[in-house]
Number of protein chains: 2
Amino acid sequence: MRKTVSSDPCPPYAYEKDPSAIYRQSFSTVRAEADLSHLPQDLHPVAIRLIHACGMTDLPRDLAWSDGVTAAALDAFAKGAAVFCDVEMVAHGIIGSRLPEGTDVRCTLNDDAVPGLAAKLGTTRSAAAVELWRSRLEGAVVAIGNAPTALFHLLELIAAGGPKPAFILGFPVGFVGAAESKDALIANPFGIPFLAVRGRRGGSAMAAAAVNALAAGLPEEK
Amino acid sequence: MRKTVSSDPCPPYAYEKDPSAIYRQSFSTVRAEADLSHLPQDLHPVAIRLIHACGMTDLPRDLAWSDGVTAAALDAFAKGAAVFCDVEMVAHGIIGSRLPEGTDVRCTLNDDAVPGLAAKLGTTRSAAAVELWRSRLEGAVVAIGNAPTALFHLLELIAAGGPKPAFILGFPVGFVGAAESKDALIANPFGIPFLAVRGRRGGSAMAAAAVNALAAGLPEEK
């Protein structure tokens, strides 16, 4: 049942109400408009999902990745890796049904210990919250969708010999440290696989979309 | 204490860790780079907060608003209006401490009644979830950060004589209906105040940032 799209923005409104048709039309538009030719084939579904989440078809030009990231993701999720997020918005954008049953998706930002820890370490709450990931960080999935200081602190923790996550999704957003923290992730000398968007753009929706796409592929794309 | 910013993306990392300094530098960059001259003065703090949330200084060119929106917002929040969000990500991006104590921030998308209601109404879960706002929608705050169908359904509900929210924040994102639903909000013949971003851009972070900015002004901006 194909709806006629109204060009008149007044009621009665004509718009697509079928979720499958919405997904189909959306991904079809993304595929028609976005240039993915510089990306490895296994990242196309992820890039499409990222564009879908932000509405910007020029996003792929800013993507940076390590070649092993999709394989690392499949392996980590298959092993039941926990998913650590810097903010609740990322955790709430992750679709639980895409992850293996029982996967722990965790944000520690609002833990009672965080304000004291931030004061003690002389850093932000977002960075201090990363300290609470330590005991389960080895082999875990990390999705940073907001705070540059969380990503920097994570890299410092690893540089100091701390546990290594299976891979890192780097999507801090904004004007102070966001681009720099992602450049540091991209240049990480620890061999940790990553996917990131260079520059100021980023955000919780992209970070969550990357988790969703890497966890289970894109069934609606196949 | 001014940190030296490292141009080397390798450890040890030099970056700003002081939350106040991060906010200050961030808003200062936004103010230096963004053109807000076409916006009314009372929307400048909101526009700055929106840019801060998405990292894109060209956002103001796509903003659309009704003149009464900041006054409507102050009035609604002062009266203890509930805040209805289309997705959990928006609800979790709203900073509770900016709202009057006891403000109810509500997302009904995951309510048990929603899948059945969506099937019955022949629409998306996002649109069906709006039906559950009815009893408290009159005078409420609405923040849509994801689903065009939620915004269209809300406008239909109002067109049919349903309760009117105090104002609507329109930030659906994406390729199918997002731009059109916001055009419909902007053209709404019901006299409902609004703030929206035209086109495909939008998202939960912007919707939440708009609530945060309109609820309490921007203390760190003053």
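The residue numbering used here restarts from 1 in each chain and proceeds along that chain's sequence as written. Going through the entries in the order they are written, you letter the chains from A and number the ligands from 1. Only residues with pLDDT of at least 70 get local features here, since the model is predicted, and only at 80 or more are side-chain atom pairs given and counted; chain-wide, interface and lining totals rely on the full set of residues. Each side-chain value is derived from all of the structure's non-hydrogen atoms; neither hydrogens nor water enter the calculation.

(A) Region of interest: the overall build of chain A. To qualify as a helix, a DSSP run of H or I must reach at least 4 residues; to qualify as a strand, a run of E must reach at least 2; elements of each kind are numbered from the N terminus. Within chain A one finds nine helices and six strands. Dimensions of chain A, computed from C-alpha atoms along their principal axes, come out at roughly 60 × 35 × 35 Å. When accessible area is computed with a 1.4 Å probe and restricted to protein chains, residues below 20% of their type maximum are described as buried, those above 50% as exposed, and intermediate ones as partly exposed. With 222 residues in all, chain A has 58% of them scored as buried. The long-range fraction of contacts in chain A, counting pairs at least 24 apart against all pairs at least 6 apart in sequence, stands at 65%. Element-wise, carbon and sulfur atoms account for 52% of the exposed surface of chain A, whose accessible area totals about 9,000 Å². Computed over 20 positive and 23 negative side-chain charges, the inter-centroid distance for chain A is 2 Å. Throughout, a contact is declared for two residues whenever any of their heavy atoms are within 4.5 Å. Each accessible area is a Shrake-Rupley estimate made with a 1.4 Å probe; only the visible protein chains count as cover when residues are assessed. Charge convention: Lys and Arg are scored as positive, Asp and Glu as negative, and His as well as the terminal groups of each chain are ignored. One atom stands in for each charge, and that atom is NZ of Lys, CZ of Arg, CG of Asp or CD of Glu.

(B) Examining the packing of helix α3 (residues 69-78) of chain B against helix α9 (residues 204-216) of chain B more closely. All names here are of chain B. Comment: axis = line fitted to C-alpha atoms, over the contacting stretch for helices; angle = value between 0 and 180 degrees taken between N-to-C directions. Their axes nearest at 8 Å, the elements α3 and α9 cross at an angle of 75°. Here α3 is positioned roughly perpendicular relative to α9, judged by the angle of their axes. Taking contact as the criterion, the partners of Thr 70, Ala 73, Leu 74 and Phe 77 in α3 are, on α9, Val 211, Leu 214 and Ala 215. Side-chain classes follow a simple rule in which Ala, Val, Leu, Ile, Met, Phe, Trp, Tyr, Cys and Pro form the nonpolar group, Asp, Glu, Lys and Arg form the charged group, and the remainder, Gly included, forms the polar group. Tallied by class, the residues present in the contact of α3 with α9 amount to six nonpolar, one polar and no charged. What sets the label is the angle itself: under 35 degrees gives roughly parallel, over 145 gives roughly antiparallel, 65 to 115 gives roughly perpendicular, and the rest give oblique.

(C) Highlighting the sheet that holds strand β2 (residues 83-85) of chain A. Residues and elements named next belong to chain A. With mixed pairing, six strands are arranged side by side in an open sheet as β1-β6-β5-β4-β2-β3. Two strands close off the open sheet at either side, each with one partner strand: β1 (63-65) and β3 (105-107). Between one strand and the next, the sheet's axes are offset by a mean angle of 15°, whatever the strand orientation. Paired strands, in this sense, are two strands between which DSSP finds at least two bridges. Bridge count for β1 against strand β6 (residues 194-197) is three bridges, and the pairing is antiparallel. Within β6, the position partnered with Leu 63 by the bridge is Val 197. With respect to the sheet, helix α7 (residues 148-159) is in contact with β4 (141-144) and β5 (167-170), its orientation differing from that of β5 by roughly 155°. Where helix α8 (residues 178-186) meets the sheet, its contacts fall on β1, β5 and β6, and the angle it forms with β6 comes to roughly 155°.

(D) Molecular detail of the interface of chain B and chain A. With 47 residues of chain B in contact, the opposing surface of chain A contributes 47 residues. Using a 1.4 Å probe, buried area is obtained as the accessible area two parts lose upon being combined, added over both of them. With both sides pooled, the region where chain B packs onto chain A buries about 3,900 Å², and carbon together with sulfur makes up 72% of that total. Salt bridges are identified by distance alone: a Lys or Arg side-chain nitrogen within 4 Å of an Asp or Glu carboxyl oxygen. Run the count over chain B and chain A and you get two salt bridges. One salt bridge connects Glu33(B) with Arg200(A), and the closest N-O pair in it is separated by 2.7 Å. Polar contacts here mean pairs of N or O atoms no more than 3.5 Å apart (in protein, one a potential hydrogen donor and the other a potential acceptor; neighbouring residues in sequence count only if both atoms are side-chain atoms). Linking chain B with chain A are five residue pairs in polar contact (both at pLDDT 80 or more).

(E) Structural view of the UniProt feature "domain: Cobalamin biosynthesis precorrin-8X methylmutase CobH/CbiC" (unreviewed entry) in chain A. UniProt positions are given in the numbering used here, feature names are shortened, and annotations may be inferred rather than shown by experiment. Taking the numbering used here, the UniProt-annotated feature "domain: Cobalamin biosynthesis precorrin-8X methylmutase CobH/CbiC" (unreviewed entry) corresponds to residues 22-215 of chain A. Along residues 22-215 of chain A, the helical share is 45% and the strand share 11%, with 22 Å between the first and last C-alpha atoms.

(F) Region of the structure containing helix α9 (residues 204-216) of chain A. Expected helix span is taken as 1.5 Å per residue step, with the number of steps being one fewer than the number of residues. For α9(A), with 13 residues, the first-to-last C-alpha span of 19 Å sits near the 18 Å given by 1.5 Å per residue. Burial analysis of α9(A) places eleven of its 13 residues in the buried class, the great majority of the element.

(G) Geometry of the pairing of strand β4 (residues 141-144) of chain B. All names here are of chain B. The two faces of β4 match: Val 141 and Ala 143 on one face and Val 142 and Ile 144 on the other face are all buried. Relative to β4, strand β2 (residues 83-85) is paired through three bridges, and the arrangement is parallel. Opposite Val 83, over in β4, you have Val 141 as the bridge partner. Of the pairings in the sheet, the one linking β4 to strand β5 (residues 167-170) comprises four bridges and is parallel in character. Each bridged residue has a counterpart across the sheet, and for Ala 143 the counterpart in β5 is Leu 169. The handedness of the β4 to β5 crossover, carried by helix α7 (residues 148-159), is right-handed. Orient the strands so they point away from the viewer, and a crossover whose first-strand-to-second-strand path over the helix runs clockwise is right-handed.

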